[in-house]
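# Remarks on the overall topology
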Protein chains: 2
Amino acid sequence: MEISQTEENYLKIIFKISERDGEPVSTNAISAEINTTAASVTDMVKRLSEKSLIHYERYKGVTLSTEGEKAAKRLIRKHRLWEVFLVTELNFSWDEVHDIAEQLEHIKSAELVERLDKYLGFPKFDPHGDPIPDAAGNFTFRRQYPLSELSVGESGIVVGVQDHSATFLQFLDRMNLGLGAEIQLLERFDYDESIKILNRSDQEQILSKKVCQNLFIQKK
Amino acid sequence: MEISQTEENYLKIIFKISERDGEPVSTNAISAEINTTAASVTDMVKRLSEKSLIHYERYKGVTLSTEGEKAAKRLIRKHRLWEVFLVTELNFSWDEVHDIAEQLEHIKSAELVERLDKYLGFPKFDPHGDPIPDAAGNFTFRRQYPLSELSVGESGIVVGVQDHSATFLQFLDRMNLGLGAEIQLLERFDYDESIKILNRSDQEQILSKKVCQNLFIQKK
DNA sequence: ATAAAATTTTAGATTGGGCTAAAAATATTT
DNA sequence: AAATATTTTTAGCCCAATCTAAAATTTTAT
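### Let's talk about the relation of the copies chain B and chain A
Expressed as a screw transformation, the operator carrying chain B onto chain A has a rotation angle of 180° and an axial translation of 0.0 Å, and the superposed copies differ by an RMSD of 0.1 Å. A rotation of that kind, with that shift, is consistent with a two-fold axis. Of the C-alpha atoms belonging to chain B, the one lying closest to the rotation axis is found on B:L104, 3.7 Å away. A share of 100% of the interface residues of chain B reappears at the interface of chain A, consistent with the copies meeting face to face through the same patch.

Written out as C-alpha cells, the structure is:
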C-alpha cells in the first residue's frame with residue numbers, strides 16, 4: 001500500500017512528538033505541530049490506523065506501528081542526507097536548507113538514497129548536528145548536553161542545536177558558534193541565568209539562558 | 001498563483017506534444033499521453049485556462065500561454081539537470097534516471113536549480129542528448145539527423161535518441177552506441193530499410209529501420 | 001449534403017485531505 | 001461527586017483531481 005506525502009508528514013511528526021514528549025501522542029499535539037485542525041487530524045489518524053501505520057484508539061492518542069516507525073525513519077534519513085548534500089555540495093548555509101529538504105525527503109527511490117549516502121561519504125550527522133539514521137534505521141548516539149547543564153570550568157564543542165530556526169542559526173553564525181566551535185564555561189550569572197564563555201575562535205562572550213538551552217555541547 | 005504538481009505535468013506534456021505535432025494540442029492527444037480520460041483532461045484544461053497558463057477554446061484544443069510555456073521550460077530544465085546529476089554524480093545509467101527525475105523536477109526552489117546547474121558545470125545536454133534550457137528558457141540548438149536520413153558514406157557521432165525507453169537505451173549500450181559513438185554509414189538495404197554501419201568503437205553492425213529512426217546523429 | 005464516426009464536453013459521482021460547528025468523552029476544579 | 005473546562009470526535013461541508021455515461025460538436029465518408 002502506497003504512503004502519500006501527507007501521510008508521510010504525519011508519521012514524521014508523530015515520530016518527532018513521541019521522541020520529545022513520549023507516547024501516546026495526542027490529537028492536539030499533532031494539530032499544533034502541523035497547523036491543521038484537530039478534526040482533520042482525527043480523520044487522518046483513522047486512515048493511518050486503517051493502513052496499520054499507527055496504533056490508534058479513540059480518545060487515547062496514537063503510537064507508531066513498526067511499519068510506521070520505519071517509514072518515519074526513512075523520511076528522516078532522506079531529509080538529513082539531502083541537507084548534507086545541500087550544505088556540503090551546493091554551499092547552502094545551514095539556515096537555508098530545511099524547506100528544500102522537506103521536499104526532497106519525499107522522493108521515492110531506495111537506490112537514490114543509498115547512492116546519495118555513499119556519495120556523501122556516509123555522514124553520521126546532518127548540518128545541524130542531528131544524527132542520520134542508517135539504512136536499518138539506527139541512529140548514532142552521542143553524549144551531549146545543553147550548554148545550560150555544563151558546570152563552570154568545563155570545556156566542550158558545539159555539536160548540535162535544539163532550536164532549528166533560521167534566526168537562531170544565523171545568530172550562532174554571527175557569534176562564531178557553529179558546529180565544531182570550542183568553548184569553555186567561565187562563569188554563571190544567577191540573576192538571569194546567563195553565562196560567560198570563552199569561545200576559542202573568538203573571545204569572551206555572554207550568552208543568554210535561551211541560547212544556553214538551545215545549544216548542545218559535547219564535553220571534552 | 002501556485003501551480004500544482006499535476007498542473008505542471010499537464011503543462012509539460014502540452015509542451016512536448018506541441019513540439020512533436022504542432023499546435024493546437026487536442027484533448028485526446030493529452031489524454032493518450034498521460035493515461036487519463038478525455039473528460040478529466042477537459043476539466044484540467046479549463047482550470048489551466050482559468051489560470052492563464054494556456055489558451056483554450058472549446059473543441060479547438062489548447063496552446064501554452066507565455067506563462068505556461070515558461071513553467072513548462074522550467075520543469076524541463078530541472079528534469080534534465082537532475083538527470084545529469086544522477087548520471088554523472090551518482091553513477092546511475094541513462095536508462096534508470098527518468099522516473100527519479102520525474103519526481104525531482106517538482107522541487108520548488110529557484111536557487112537550488114541555479115546552484116545545481118553551476119555544480120554540474122552548466123551542462124548543455126542531458127544524458128540522453130536532449131538540450132537543457134538555460135535560466136531564460138533558451139535551448140542550445142544542434143544540427144542533428146535521424147540515422148535513417150544519413151547517406152551512404154557519411155560519418156557522424158551519436159548525439160541523441162528519439163525513443164527514451166529503457167529497452168532501447170539498454171540495447172544501445174549493448175551495441176556500443178551510446179552518446180559519442182562514432183559511426184559511418186556503409187550500406188543501405190532497401191529490402192527492409194536496415195543499414196550496415198562501421199562503429200569505430202566496435203566493428204561492422206547491421207541496424208534495423210526502427211533503430212535508425214530513433215538515433216540522432218551529428219554529421220562530421 | 002447527409003449519415004456515420006470520432007472527438008470533446010457536460011453531468012454527476014468518488015476519493016483524499018481539509019474545514020467549521022456541534023456533540024461526546026475525558027480531565028480538572030471545587 | 002458535581003460542575004466546569006479541555007480535548008477529541010462526529011456530522012456535514014468544500015475543493016482538486018479523477019472517473020463513467022451520456023450529450024454535443026466536429027470530422028470523415030458516402
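### Re the nonpolar core
By size, the foremost hydrophobic cluster in this structure holds 33 residues, and its most contacted members are A:L86, A:L104, B:W82, B:L86 and B:L104. Going through the elements one at a time, α4 (66-89), α5 (98-104) and α6 (110-119) of chain A together with α4 (66-89), α5 (98-104) and α6 (110-119) of chain B are the ones with two or more residues in this core. Ignoring sequence-local partners within four residues, the contact set of A:L104 consists of A:W82, A:L86, B:W82, B:L104 and B:I107. Counting 21 residues, the second largest nonpolar core, distinct from the first, contains A:V25, A:L48, A:A71 and A:A72.

### Quick word on the confidence of the model for chain A
Fine structural detail should not be taken from predicted coordinates in areas where pLDDT scores are low. Averaged over every residue, the pLDDT of chain A is 97; the share at 70 or more is 100%. The complex prediction reports pTM at 0.95, with the ipTM value standing at 0.93.

### What to know about the interface of chain B and chain A
A common way to report how large an interface is uses the accessible area buried once the components associate. Taken together, the contact pairs 20 residues of chain B with 20 residues of chain A. Carbon and sulfur atoms supply 67% of the area that chain B and chain A bury against each other, a total of about 1700 Å² over both sides. Counting the surface chain B buries against chain A, the share from its top three residues, B:L90, B:R115 and B:Y119, is 32%. Across the chain B-chain A interface, the total number found is nine residue pairs in polar contact (both at pLDDT 80 or more). At the level of secondary structure, the elements contributing two or more residues to the side of chain B that touches chain A comprise α4, α5 and α6 of chain B. The element that contributes the greatest number of residues to the side of chain B that touches chain A is α6(B), accounting for five residues. Residue composition of the side of chain B that touches chain A, by class: eleven nonpolar, four polar and five charged.

### With respect to the pattern of salt bridges
Under the counting rule described, the total for this entry stands at 36 salt bridges over all chains. The partner of B:K51 in a salt bridge is B:E7, and the shortest N-O contact between them spans 2.9 Å. Separated by 44 residues along the polypeptide, B:K51 in the loop between α3 (38-50) and β1 (54-57) and B:E7 in helix α1 (residues 5-21) bring together distant segments of the chain. Its relative accessible area of 24% is what places B:K51 among the partly exposed residues. With a closest N to O distance of 3.2 Å, B:E8 and B:K108 form a salt bridge. Of the two residues, B:E8 is situated in helix α1 and B:K108 in the loop between α5 and α6; the sequence distance between them amounts to 100 residues. For B:E8, a relative accessible area of 10% gives the class buried. Taken together, the shared-partner salt bridges connect A:K16, A:R20, A:D21 and A:E33 into one network.

Procedures and definitions
Residues numbered from 1 in each chain as written. Chains lettered and ligands numbered in written order. Predicted model: local features only at pLDDT ≥ 70, side-chain atom pairs only at ≥ 80, totals over all residues. Heavy atoms only, no water. Least-squares fit on C-alpha atoms with pLDDT ≥ 70 in both. Contact = heavy atoms within 4.5 Å. Core = buried A, V, L, I, M, F, W, Y, C linked by side-chain atoms within 4.5 Å. Buried < 20%, exposed > 50% of the residue type's maximum accessible area, 1.4 Å probe, protein only. Helix = DSSP H or I, 4+ residues; strand = E, 2+ residues; numbered from the N terminus. pLDDT = per-residue confidence, 0-100. Buried area = accessible area lost by both parts, 1.4 Å probe. Polar contact = N/O pair within 3.5 Å; in protein donor to acceptor, adjacent residues only side chain to side chain. Nonpolar A, V, L, I, M, F, W, Y, C, P; charged D, E, K, R; others polar. Salt bridge = Lys/Arg side-chain N within 4 Å of Asp/Glu carboxyl O.

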